[in-house]
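Structural description and commentary
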Amino acid sequence: MTSEPRLLLATILLALTYPAPQPASAQTTPIRNIPARTLPTPTTVSPELQKEIAPAWDSTTNTEPRTTQQWKAKIQKENKPEANKVDPLLKDFHVTLEQKTIAGVPVFLVKPDTIAEQNRNRLLIHVHGGGYVVFAGKAATPEAILMAHYGQIEVISVDYRMPPDYPFPAAIDDTVAVWKEVIKSHAPTSVGLFGTSAGGGLTLATVLRLKELHLPLPGALMAGTPWTDLSETGDTYFTNEFIDNVLGTYRGSLAADARLYAGPHDLKEPLLSPIYGDVSGFPPTILLSGTRDLFLSNTVRMHQKLLQANVRANLLVFEGQSHAQYLIVPNAPESADAFREVASFFDQNLTK
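Treat the numbers as computed from the prediction; the structure is a model and nothing was measured. (Residues numbered from 1 in each chain as written. Predicted model: local features only at pLDDT ≥ 70, side-chain atom pairs only at ≥ 80, totals over all residues. Heavy atoms only, no water.)

**Some words on the overall build of the protein**
This is how it is decided: Helical segments are the DSSP runs of H or I of at least four residues, strand segments are the runs of E of at least two, and each set is numbered from the N terminus. Within these notes, the globule rule equals 2.2 Å times the number of residues to the 0.38 power, and the radius of gyration is based on C-alpha atoms. Relative accessibility decides the category of a residue: with a 1.4 Å probe and only protein chains considered, values under 20% of the type maximum give buried, values over 50% give exposed, and everything between is partly exposed. Residues are treated as being in contact if the distance between any of their heavy atoms lies within 4.5 Å. Residue exposure ignores everything except the shown protein chains as possible cover, and the areas themselves are Shrake-Rupley values with a 1.4 Å probe. For the purpose of charge, His is not counted, nor are the chain termini; Lys and Arg are scored as positive and Asp and Glu as negative. In this description, the location of a charge corresponds to atom NZ of lysine, CZ of arginine, CG of aspartate or CD of glutamate.
Check the secondary structure of the protein and you find 12 helices and eight strands. Relative to a compact globule of 352 residues, whose C-alpha radius of gyration would be 20 Å, the protein shows 20 Å and is just as compact. By principal-axis analysis of the C-alpha atoms, the protein measures approximately 60 × 45 × 40 Å. Residues classed as buried in the protein amount to 53% of the 352 residues present. Sequence-distant contacts, at least 24 apart, represent 79% of the contacts inside the protein between residues at least 6 apart. When the accessible surface of the protein is totalled, it reaches about 15,800 Å², and 53% of it is carbon and sulfur. With 30 positive and 35 negative side-chain charges, the protein shows a separation of 2 Å between the mean positions of the two kinds.

Here it is, written out as structure tokens:
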């Protein structure tokens, strides 16, 4: 069997396994059916990224734990390979890692071999992704390592508490606690806050919480393909379903992550889904996504909301990329471009 029929068969099987979701109100919401199709790997991206784009989404990863024991087994299984990436990254990108505690919260101090002169008094605070559920400990740090290297800046990566033991708002509480301690020794406008996926959502939610507490805000933000809406709301939850080969679909494990993190709270509460919050007065923000990203609408909607609130907001959308592949493929030239763009944005917006 040639590759195209196999891809077509895989598409049909996925459609049968995960039938198209019905709108909340089928009578008032028009729907469109589209034929099954094959997707060529774009030739407009680097060979390194093509290798990551080509494979179909692995639906066997879409398990939905039911018990606390199953959740903890899933978390341990997913943490280990991510943690195993850390030591090679530290070596390849000439960065050191030191475990510390700030305001009672475990963190990692991430330092590049060379700190740029203009960054001597600057600092970045990082909150990791992982659906608010996975990537604890060293597994939390790969993005911080890349940012420290390309930005030539010191980074504090927050190892915040997570479900099933510590659901919302523990992650926000931990990030705010670290922030309050850091600004005792740093000018708030010289400190940036950033993260990808759940970390991007947490970045934005933390700023909403800082506003509620009448605390100083960071000088600039990076929200990479942020999970700004934990409910299944937004066009690309549907148009990029199964096209995104990292997340695949909202239904299954991603929806389960959202419910576990939120607990009894409404998924559209602003501190859970920042797209519904008041973003007036937000710091300058750079947002990242990709044309195949399930969270592209999460990112685009947030960008528009920031612009409408007169916030300086830049949007980078990368060709062919599924969810956070600028982070997943650290050796791709597109990844270097992404982190250099973010580093430049922080340099332009953080005070010295």
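**Regarding unusual backbone geometry**
Cis geometry marks the peptide bond from proline 163 to proline 164; its omega dihedral reads 5°. With an omega of 10°, the peptide bond running from phenylalanine 168 to proline 169 counts as cis. Relative to the helices and strands, proline 169 is located in the loop between strand 4 (155–158) and helix 6 (170–182). We note that alanine 103 has phi near 55°; this positive angle belongs to a residue other than glycine. Secondary-structure assignment places alanine 103 in the loop between strand 1 (95–102) and strand 2 (105–112). A positive phi angle, near 65°, is found at asparagine 310, a position not held by glycine. Locating asparagine 310 in the fold gives a position in the loop between helix 10 (296–308) and strand 8 (313–318). Judged by its relative accessible area of 73%, asparagine 310 falls in the exposed class.

**Digging into the pattern of salt bridges**
Note that side chains of opposite charge can pair when their charged atoms are close. Note the following rule: Here, a salt bridge means any Lys or Arg side-chain nitrogen found within 4 Å of an Asp or Glu carboxyl oxygen.
Taken as a whole, this structure holds 14 salt bridges when the rule is applied. For lysine 72, the salt bridge identified is with aspartate 165, shortest N-O distance 3.2 Å. Residue lysine 72 is located in helix 3 (residues 68–84), and its partner aspartate 165 is located in the loop between strand 4 and helix 6; the two are separated by 93 residues in the primary sequence. By relative accessible area, which is 39% here, lysine 72 ends up partly exposed. Its salt-bridge partner being arginine 251, residue glutamate 241 comes within 2.3 Å of it at the nearest N-O pair. With glutamate 241 in the loop between helix 8 (236–239) and helix 9 (253–262) and arginine 251 in the loop between helix 8 and helix 9, the pair connects residues that are 10 residues apart, well separated along the chain.

**Quick notes on the pairing of strand 2**
Definition in use: Note on pairing: DSSP must find at least two bridges between two strands before they are called paired.
Strand 2 sits mainly inside the fold: six of its eight residues count as buried. Two strands pair when backbone bridges link them, and strand 1 and strand 2 are joined in this way by eight bridges, in the antiparallel orientation. Pairing of valine 95 across the sheet is with proline 112, part of strand 2. The turn joining strand 1 and strand 2, which pair antiparallel and follow one another in sequence, is formed by two residues; a positive phi near 55° is taken by alanine 103. Of the strand pairs in this sheet, strand 2 and strand 4 are connected by four bridges, and their pairing is antiparallel. Paired with phenylalanine 108 across the bridge in strand 4 is serine 157.

**Topic: helix 5 (residues 142–151)**
Counting buried positions along helix 5 gives nine out of 10 residues, so the element sits mostly inside the fold. Looking one or two residues beyond helix 5, the residue adopting positive phi is glutamine 152, at roughly 50°.

**Here we look at the pairing of strand 8**
As a reminder, the rule being used: A crossover counts as right-handed when, viewed with the strands pointing away from the observer, the path leading from the first strand over the helix to the second turns clockwise.
With six bridges joining them, strand 7 (residues 285–290) and strand 8 adopt parallel strand pairing. Directly across from isoleucine 286, in strand 8, lies its bridge partner asparagine 314. Of the crossover connections in this fold, the one passing from strand 7 over helix 10 to the parallel strand 8 is right-handed.

**Concerning the packing of aromatic side chains**
Spelled out, the test is: The pairing test for Phe, Tyr and Trp rings, Trp by its six-membered ring, is centres within 6.5 Å, and the orientation test on the planes gives stacked under 30 degrees, edge-to-face over 60, and tilted for anything in between. Two limits define a charge over a ring: the Lys NZ or Arg CZ must be within 6 Å of the ring centre, and within 35 degrees of the ring normal.
For the structure shown, the criterion picks out 12 aromatic pairs. On the basis of an interplanar angle of 65° and a centroid distance of 6.3 Å, the ring pair of phenylalanine 194 and phenylalanine 346 is categorised as edge-to-face. Placement of phenylalanine 194 in strand 5 (residues 191–196) and of phenylalanine 346 in helix 12 (residues 333–349) is noted, with a sequence separation of 152 residues between them. Note on tryptophan 227 and phenylalanine 295: the rings are 5.6 Å apart at their centroids and 25° apart in plane angle, and the pair reads as stacked. Here tryptophan 227 is found in the loop between strand 6 (220–224) and helix 8, whereas its partner phenylalanine 295 is found in the loop between strand 7 and helix 10, with 68 residues between them in sequence. The pair formed by tryptophan 227 and phenylalanine 295 is uniform in burial state, with each residue classed as buried. Ring pairing ties together the aromatic residues Tyr132, Phe168, Trp227, Tyr237, Tyr250, Tyr261 and Phe295, which thus form one cluster. The positively charged end of arginine 161 is found above the aromatic ring belonging to tyrosine 166, 5.2 Å away from the centroid.

Everything listed is a geometric property; what it means functionally is a separate question.
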